[in-house]
Amino acid sequence: SLNTDVAVDAGSARTTGRDHAGVVAAVVVVAAAILPALVSIATRWGSSLTLVQDGALIDLRVRDILSNDTPLLGVYSQFGWNHPGPVLFWLLAPFSWIAGGRGWGLLVGTAAIQAGTIACTCWIAWRHGGPRWATFWGAVVVLSYAATGPWMLVEVWNPHLAFPLFILMLVMVWQAVVRPWSYIAWSVVIGSMLIQLHVGYLALVGGLVAMVAVRLVLAWRGGTRPDRLRRTVVGGVVGLLVLWTPPLVDALSHRGGNARRLFDYFVLRSG
């Protein structure tokens, strides 16, 4: 009996040690994922900066927020159309206001939004998968940013903001598949933001949505019902209305407007 008790205590100690090591590893990886963005915020805050090229064009449209020329569409493309929606300008506007319209506000905003997105990704992974999954998704962020270099955090550009949001959506879709009906409304919001930031994400978001839809149909047929189905549906519909009303207004005001130009370019190939 004594030997058995000793063996149990030793096994518990090894398990506790592994758990502790896992938590430490997760904290280190998550910190490594978020720290570069925080450093970028600290070093760019109040700096003397003149935005050029795409950053300057984005700055001009951010300044138009709440004016009589408030953007209804996203960043202009050299191919004659705009990206589908104005979410980039709305996300960056508060930081521009804080900076008094100076260029550093947009750089700080770019880094801050990415830091918040990465933190949400790691938090969801930790909450539902524990330290091991937080380590995995944190490592995905670290390796991705290491491969691209510092440009993601020091340039104001819509693809830079879209990339960490795509990783966040992957985590949400993972949970929506494992735990049907979870993060559905938020996935709708993040997916819409991705498409508005860069039209190239339309196919990726569409594929993820299709996968989740199949999973939900199977769950529904299997008798799985969410406790808060109405709240989930209402949240998703509200997110769609808020995000897609500006592009819809543009389309109704200009006989198709940007939506028609996108269709012509990507479907009819007449652009």
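Structural data are supplied above this passage.
The following paragraphs examine the structure supplied in this document. (Residues numbered from 1 in each chain as written. Predicted model: local features only at pLDDT ≥ 70, side-chain atom pairs only at ≥ 80, totals over all residues. Heavy atoms only, no water.)

Our next topic: the overall build of the protein. The number of helices and strands found in the protein is ten helices and zero strands. Going from N to C terminus, the protein has its helices and strands arranged as α-α-α-α-α-α-α-α-α-α. If you line up the protein on its principal axes, its C-alpha atoms span 85 × 55 × 30 Å. For the protein, the residues scored as buried account for 42% of the 271 residues in total. The contacts in the protein between residues at least 6 apart in sequence include a share of 72% that link residues at least 24 apart. Accessible area of the protein: about 14800 Å², with a carbon and sulfur share of 67%. (Helix = DSSP H or I, 4+ residues; strand = E, 2+ residues; numbered from the N terminus. Buried < 20%, exposed > 50% of the residue type's maximum accessible area, 1.4 Å probe, protein only. Contact = heavy atoms within 4.5 Å. Areas by Shrake-Rupley, 256 points an atom, 1.4 Å probe, with all protein chains shown as cover.)

We note that Gln53 has phi near 55°; this positive angle belongs to a residue other than glycine. In this fold, Gln53 is placed in helix α2 (residues 53–63). At Trp181, a residue that is not glycine, the phi angle is positive and equals roughly 85°. Locating Trp181 in the fold gives a position in the loop between α6 (158–178) and α7 (184–197).

Structurally, Ser96 is set in helix α3 (residues 87–98). Look at Ser96 and you get buried, because its relative accessible area is 4%.

Attention shifts here to the pattern of salt bridges. Taken as a whole and assessed by the stated rule, the structure comprises three salt bridges. Here Asp59 makes a salt bridge to Arg63, at a shortest N to O gap of 3.2 Å. A residue pair is termed a helical-turn pair when its members lie 3 or 4 positions apart in one helix, as Asp59 and Arg63 do in helix α2 at four residues. Look at Asp59 and you get buried, because its relative accessible area is 9%. On the basis of relative accessible area, Arg63 is assigned to the partly exposed category, the value being 47%. The residue Asp69 makes a salt bridge to Arg61 at a minimum N-O spacing of 3.2 Å. For Asp69, a relative accessible area of 42% translates into the label partly exposed. (Salt bridge = Lys/Arg side-chain N within 4 Å of Asp/Glu carboxyl O.)

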